Amino acid sequence: MAKIKKYIENHRDEILVSLLLSLAYVFVIGLTYAILDFNLGDGVVPFLFSLSVYVLETLIYLTMLSYVFSGW
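Residues numbered from 1 in each chain as written. Predicted model: local features only at pLDDT ≥ 70, side-chain atom pairs only at ≥ 80, totals over all residues. Heavy atoms only, no water.

Attention now moves to the overall build of the protein. Broken down by element type, the protein carries three helices and zero strands. Here the protein holds 72 residues, and 14% of them are scored as buried. Long-range pairs, those at least 24 residues apart, make up 67% of the contacts in the protein with a sequence separation of at least 6. On the protein, roughly 5,900 Å² of surface is accessible, and the fraction owed to carbon and sulfur atoms is 73%. (Helix = DSSP H or I, 4+ residues; strand = E, 2+ residues; numbered from the N terminus. Buried < 20%, exposed > 50% of the residue type's maximum accessible area, 1.4 Å probe, protein only. Contact = heavy atoms within 4.5 Å. Areas by Shrake-Rupley, 256 points an atom, 1.4 Å probe, with all protein chains shown as cover.)

A few words on a nonpolar patch on the surface. Taken together, the side chains of V44, F47, L48, L51, V55, L59 and L62 present a nonpolar region at the surface, about 620 Å² in accessible area. Residue classification places V44 among the exposed positions, given a relative accessible area of 57%. (Patch = residues over 30% accessible without salt bridge, like charges linked within 9 Å, V, L, I, M, F, W, Y side chains within 5 Å. Salt bridge = Lys/Arg side-chain N within 4 Å of Asp/Glu carboxyl O.)

For the rest of this paragraph, the subject is the side chain of S18. Residue placement: S18 occurs in helix α2 (residues 12-36). Within the structure, S18 has its side chain in polar contact with the backbone oxygen of I15 (distance 2.7 Å). In this structure, S18 is in contact with L65, V68 and F69, ignoring residues within four places of it in sequence. (Polar contact = N/O pair within 3.5 Å; in protein donor to acceptor, adjacent residues only side chain to side chain.)

So this is what it looks like as structure tokens:
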């Protein structure tokens with residue numbers, strides 16, 4: 001428990017930025033979901049397109065997290 005507490009004390013700013021980035025990511029995913037109006041009844045092509053958009057957004061999110069914790 002002491003190691004975790006020390007880690008949080010040492011990386012407080014990075015953890016805060018990553019939490020804010022997570023909230024922004026959830027907002028963007030929700031916005032994308034609303035814009036694309038994903039519906040399984042539309043067929044396979046819209047499903048694959050929306051899936052690729054979500055994967056791309058997730059990769060961007062993970063890249064940003066790696067920059068945050070590597071000390072951009």
